[in-house]
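Descriptive structure summary
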Amino acid sequence: MYLCVYPCVYLCVYRIARLMPKKRSPGDGALFYIPSKNLWRGVIDIGFTPDGRRKQETVTSRTQRGARDKLNELKEEIKIYGAPLDRRRTVEQWASHWLETVCRPKLKPKPFAAYESVTRSWIVPVIGKKRMSLVKPSDVREVYQRIAQAGRSSSTALKAHNIMSAMFESARRDGIVGRNVVADVDAPRAAISSRDALPTQDAIKILAAASVRTDGTRWWTALLGGVRQGERLGATLDSLDLDKGLFTIQWSLTEARFEHGCGGKCAVKRGGSCPKRRLILADGLEYRQLDGRLCLVRPKSGKPRTFPLIPQLVEALRRYLAATADRPNPHGLIWRNPDGSPITSGQDSEEWRDLLLAAGVITAEQAKPLKDQAEGTPPAPTTHWARHTTATVLMELGVDARIIGEIVGHASDEITRRYQHVSSAAARDAMDRLGTHFAGALSPHSTSLGTARQRAVSPSIDS
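This write-up is about the structure you can find in this document. Sequence order as written defines the numbering, with residues in each chain counted from 1. The predicted nature of this model means local features are confined to residues of pLDDT at least 70 and side-chain atom pairs, given and counted, to a pLDDT of 80 or more, with totals for whole chains, interfaces and linings taken over all residues. Working from all heavy atoms in the structure, the side-chain values ignore hydrogens and water.

As a further point, take the sheet that holds strand S10 (residues 294-297). Strand pairing is assigned whenever DSSP identifies at least 2 bridges connecting the two strands. Each helix is a run of DSSP H or I of at least 4 residues and each strand a run of E of at least 2, with the numbering of both proceeding from the N terminus. Spatial strand order, S6-S10-S9: three strands in an open sheet with antiparallel pairing. Both outer strands of the open sheet, strand S6 (252-255) and strand S9 (287-291), are each paired with one neighbouring strand and no more. Direction aside, the axes of adjacent strands within the sheet are offset by 35° on average. Pairing analysis gives four bridges linking S6 to S10, with the strands arranged antiparallel. Bridging across to S10, Glu255 finds its partner in Leu294. Here an axis means a line fitted to C-alpha atoms, over the contact stretch when the element is a helix, while the angle between two N-to-C directions is reported on a 0 to 180 degree scale.

All right, on to the packing of helix H7 (residues 200-210) against helix H11 (residues 345-358) then. For the pair H7 and H11, the least separation of the axes is 9 Å and the interaxial angle reads 105°. The orientation of H7 with respect to H11, classified from their angle, is roughly perpendicular. Across the interface between the two elements, Ile206, Ala209 and Ala210 of H7 pack against Trp352, Leu355 and Leu356 of H11. Under the convention adopted here, Pro, Cys and the residues Ala, Val, Leu, Ile, Met, Phe, Trp and Tyr are nonpolar, Asp, Glu, Lys and Arg are charged, and Gly plus all remaining residues are polar. Along the lines of polarity and charge, the residues of the contact of H7 with H11 split into six nonpolar, no polar and no charged. For classification purposes, angles smaller than 35 degrees are called roughly parallel, those larger than 145 roughly antiparallel, those between 65 and 115 roughly perpendicular, and all remaining angles oblique. Should any heavy atoms of two residues lie within 4.5 Å, those residues are counted as being in contact.

It is worth spelling out the pattern of salt bridges at this point. A pairing counts as a salt bridge when a side-chain nitrogen of Lys or Arg comes within 4 Å of a carboxyl oxygen of Asp or Glu. Applying the stated rule across the entire model yields 23 salt bridges. For the salt bridge of Arg218 with Glu351, the shortest nitrogen-to-oxygen distance reads 2.6 Å. Here Arg218 is found in helix H8 (residues 217-225), whereas its partner Glu351 is found in helix H11, with 133 residues between them in sequence. Its relative accessible area of 23% is what places Glu351 among the partly exposed residues. The shortest N-O distance in the salt bridge between Arg228 and Glu231 comes to 2.8 Å. The residues Arg228 and Glu231 share a single accessibility class, namely buried. One salt-bridge network, held together by shared partners, links Asp215, Arg218, Arg232, Asp348 and Glu351. Any residue under 20% of the maximum accessible area for its type is buried, any over 50% is exposed, and the rest in between are partly exposed; the area is computed with a 1.4 Å probe on protein chains only.

Purely spatial values, then, with no claim about function.
Written as structure tokens, this is what we have:
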């Protein structure tokens with residue numbers, strides 16, 4: 001009898017011992033069989049919570065081998081990345097977290113709005129529901145295909161590529177994914193820019209047409225200084241040193257957005273209507289709030305730059321400042337509306353098209369807002385064309401790319417060369433050459449800024 005019982009006991013003990021975890025070192029993990037679920041479960045310690053409780057990561061499989069393989073894969077991830085990869089986070093969830101915690105603290109209002117727009121419009125609708133760790137190169141390419149199918153240019157696809165690449169790289173560093181899958185996909189080529197330089201004759205017409213307008217110096221500065229739109233609209237009186245003929249770019253006008261400052265406790269939906277609303281601005285960003293969403297921030301390069309003005313523009317600015325001395329100016333701006341309020345970018349673009357129409361450079365149809373134009377209407381030159389014109393003419397006059405970059409505020413010579421469409425004393429000489437190039441439009445008989453009589457453009461200027 002005893003001989004029959006003992007072998008059965010020994011066999012049961014042996015089988016139980018096989019199912020029980022062996023003594024293991026920290027980080028080895030363990031396998032357990034769960035009879036009620038008919039599953040094998042792997043468990044590994046990954047640290048402790050802030051309150052001292054043990055943190056564990058688990059895997060399950062129908063077979064012991066499957067559970068062991070998953071556990072070994074988990075251990076390998078911990079060895080390589082320091083923690084298990086997050087296999088639950090979706091692209092939409094991570095994008096929201098990334099925009100709020102990584103992008104918002106460091107980006108200026110306009111770039112941040114662009115990041116949000118591209119993410120919301122193209123990335124999330126296509127791959128937002130996919131888990132970050134399961135996104136494949138084909139998923140990334142599908143985003144580009146959707147953009148193309150919607151009739152958008154490859155430049156939009158390139159923006160989406162760069163944003164996704166930055167997003168996945170940040171996720172890789174945070175241990176959400178093991179690699180940046182976007183880096184394995186060829187970036188779309190940027191579309192050929194529709195921006196161009198104005199022909200010299202058109203530029204002369206515009207300068208002459210601007211000369212009979214009170215604020216014509218706003219457009220002279222664009223064409224004769226290559227100043228960006230926001231930099232012109234945000235230029236302050238202390239930016240000018242007319243005695244030395246210098247212009248310092250210190251600020252750029254931008255529109256920031258509002259968010260709730262109440263923590264979502266108020267009943268209104270829009271952040272701009274919240275009683276405790278606050279501007280969405282990068283941490284530590286130096287800014288001056290002017291009027292509502294309109295703010296002054298440091299220029300694109302991040303630091304002020306100074307360039308010389310040609311003598312004709314210096315004299316025109318003197319006359320303009322004298323003519324507008326009695327105009328309200330609560331913000332100390334050079335160019336502002338008659339009531340002293342800042343000129344918005346939309347208003348500036350509209351007035352630019354009016355100027356081009358008056359100069360005979362565009363048609364009445366091109367001068368209309370884009371939504372009101374007849375189908376097939378050629379696009380009108382934008383204010384940025386004036387900036388291209390400055391860089392292009394200087395290049396044609398043989399000015400070194402480094403000097404041009406110093407004048408217009410390019411970060412590198414490579415950027416300056418993108419503006420080709422065909423210190424310093426050197427910068428001063430370059431601007432003098434620019435003034436000579438446009439001498440016909442800048443002669444005394446065509447620079448009576450602020451005159452009441454609106455004169456027609458002189459035939460001699462058009463010749």
